[in-house]
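An overview of the molecular structure
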Amino acid sequence: MKRISLTQHLIEQQRLHNKIPSELRLLIEVVGRACKSISHAVGKGALGEVLGSAGSENVQGEVQKKLDVISNEILLEANEWGGHLAAMASEEMETIHRIPNRYPKGEYLLMFDPLDGSSNIDVNVSIGTIFSVLKAPEGMTEPTEQDFMQPGTRQVAAGYAVYGPQTVLVLTTGDGVHCFTLDREMGAWVLTQKDIKIPEDTKEFAINASNQRHWFPPVKRYVDEMLAGSTGVRGKDFNMRWIASMVADVHRILNRGGIFMYPADAREPNKPGKLRLMYEANPMAFIVEQAGGAATDGTRRILDIQPEKLHQRVAVFLGSKNEVDLVTSYHQQ
Ligand code: P6P
């Protein structure tokens with residue numbers, strides 16, 4: 001099969017759909033290069049002095065791993081000088097990161113979780129990078145946090161990298177979902193899957209079942225019915241997976257179907273779950289919908305949510321459309 005590079009794919013998509021101006025193509029290529037560097041750092045493991053805690057906490061109050069900090073620095077440095085961005089925001093930083101005055105500014109806003117699944121780093125389980133791209137509001141001069149407060153439907157691109165047995169980059173710019181595999185010898189992203197589609201039905205669900213006693217009734221009902229298997233109302237047996245790396249769970253679902261759930265629960269009724277809207281739920285929801293799946297917070301389409309805070313959390317139900325629709329319907333009864 002002829003090898004299509006990330007750059008050739010983006011140029012051909014631009015010809016087909018006219019949605020990837022050269023500045024956006026540059027942005028995506030720069031993020032792709034940064035993910036290659038992160039993959040290299042992650043791959044060193046104990047040989048690279050990159051494991052363990054950084055001895056600091058992030059804005060979420062989570063202990064930062066060395067690789068969290070390294071990955072964040074890689075993405076900041078890669079994107080500062082290109083002239084394609086107005087500002088960036090990261091899970092690892094309290095507020096937005098403006099482009100230094102010595103560099104030209106562009107019309108895009110980039111948000112990212114530089115290394116998602118950090119609890120898996122030290123035990124060699126797949127982790128990844130998630131990113132989301134918005135356009136800066138017309139007439140914006142000095143970017144503020146408020147300029148990032150746009151619903152997920154305004155994203156112009158979203159993607160994730162998985163640092164696993166292979167390193168892959170999954171990307172959408174609004175015309176389908178495509179996957180690139182890193183050719184480590186050439187240091188090149190090679191197109192390996194075009195137009196990925198999520199099966200509308202599934203026999204596999206992903207949730208952290210240790211929280212079961214805290215779940216609200218709709219989630220408890222939905223999971224209990226799957227656990228009842230072929231003897232219950234669902235009439236079929238289900239399987240469970242939970243990798244505790246959203247990128248890895250979503251990548252599995254993109255490739256063979258499934259439903260991923262991180263619901264709100266009774267532990268903190270006012271906290272709508274653990275995952276963040278701007279740089280985890282929104283990019284994944286854009287990708288999942290572009291692959292024919294669905295993504296809600298139990299009641300609303302995630303992409304329709306009007307953000308109010310940069311690091312706001314949201315409950316997440318995403319994946320095979322018929323399953324997401326069913327569990328969402330239980331929340332409405
Ligand atoms: P728990 C990783 O920390 C993360 O943000 C997601 O990648 C993952 O799906 C979830 O949290 C795992 O959470 O509570 O099972 O450790």
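Before going into details, it helps to say that this report is about the structure given with it.

Conventions adopted
Residues numbered from 1 in each chain as written. Predicted model: local features only at pLDDT ≥ 70, side-chain atom pairs only at ≥ 80, totals over all residues. Heavy atoms only, no water. Helix = DSSP H or I, 4+ residues; strand = E, 2+ residues; numbered from the N terminus. Buried < 20%, exposed > 50% of the residue type's maximum accessible area, 1.4 Å probe, protein only. Contact = heavy atoms within 4.5 Å. Areas by Shrake-Rupley, 256 points an atom, 1.4 Å probe, with all protein chains shown as cover. Lys, Arg positive; Asp, Glu negative; His and termini not counted. Charge placed at Lys NZ, Arg CZ, Asp CG, Glu CD. Pairing = 2+ DSSP bridges. Axes fitted to C-alpha atoms, helices over the stretch in contact; angles between N-to-C directions. 1 Å grid on protein atoms, 1.4 Å probe; cavity = no way out; pocket = protein on both sides within 12 Å on 5 of 7 lines; lining within 4 Å. Points joined across faces, edges and corners; volume = space filled by probe spheres on them. Near = heavy atom within 4 Å. Polar contact = N/O pair within 3.5 Å; in protein donor to acceptor, adjacent residues only side chain to side chain. Sits in = over half its atoms within 2 Å of the grid points. Nonpolar A, V, L, I, M, F, W, Y, C, P; charged D, E, K, R; others polar.

Turning to the overall build of the protein, a few remarks are in order. The secondary structure content of the protein amounts to seven helices and 15 strands. When its C-alpha atoms are laid out on the principal axes, the protein stretches across 65 × 45 × 45 Å. Across the 333 residues of the protein, 56% fall into the buried class. A separation threshold of at least 6 residues defines the contact pool for the protein, and within that pool the share at least 24 residues apart is 63%. For the protein, the computed accessible surface area is about 14,200 Å², with 50% contributed by carbon and sulfur atoms. Taking the average place of the 36 positive charges on the side chains of the protein and the average place of its 41 negative ones, the gap between the two points comes to 3 Å.

The sheet built from eight strands is open, its strands ordered S4-S3-S5-S6-S7-S8-S9-S10 with mixed pairing. Single-partner strands in this sheet number two, and they are strand S4 (97-98) and strand S10 (188-193). As paired strands, strand S3 (residues 85-90) and strand S5 (residues 108-116) are joined by five bridges and run parallel to one another. For Ala89, the partnering residue across the bridge sits in S5 and is Met111. The strands touched by helix H2 (residues 22-44) within the sheet are S3, S5, strand S6 (127-135), strand S7 (157-163), strand S8 (167-172), strand S9 (177-183) and S10, with S5 carrying the most contacts at an inclination of about 15°. Helix H3 (residues 66-80) contacts S3, S4, S5 and S6 of the sheet and is inclined by roughly 155° relative to S5.

Our focus in this paragraph is the layout of surface pockets. The calculated volume of the largest pocket comes to roughly 430 Å³. For the largest pocket, the lining is made up of 25 residues, of which Gly117, Ser118, Ser119, Ala244 and Lys274 are closest to its centre. Residue assignment for the lining of the largest pocket shows that the elements contributing at least two residues are strand S2 (63-65), S5, helix H5 (246-256) and strand S13 (259-262). Take the lining of the largest pocket: its biggest share by element is three residues, from S5. Size it by volume and the second largest pocket reaches roughly 280 Å³. What lines the second largest pocket is a set of 16 residues, and nearest its centre among them are Val42, Gly43, Asn124, Val125 and Tyr163. No other element matches the three residues that H2 contributes to the lining of the second largest pocket.

Turning to the site of the ligand, a few remarks are in order. Taken together, Asp116, Gly117, Asn208, Trp242, Ala244, Ser245, Met246, Phe260, Tyr262, Lys274, Leu275 and Glu280 make up the full set of residues near the ligand. Take Met246: an N or O atom from its main chain is 2.7 Å from an oxygen atom of the ligand. In this structure, an oxygen atom belonging to the ligand sits 2.6 Å away from a side-chain N or O atom of Tyr262. One can see that the ligand is located within the largest pocket. Its residues placed into classes, the shell around the ligand shows six nonpolar, three polar and three charged.

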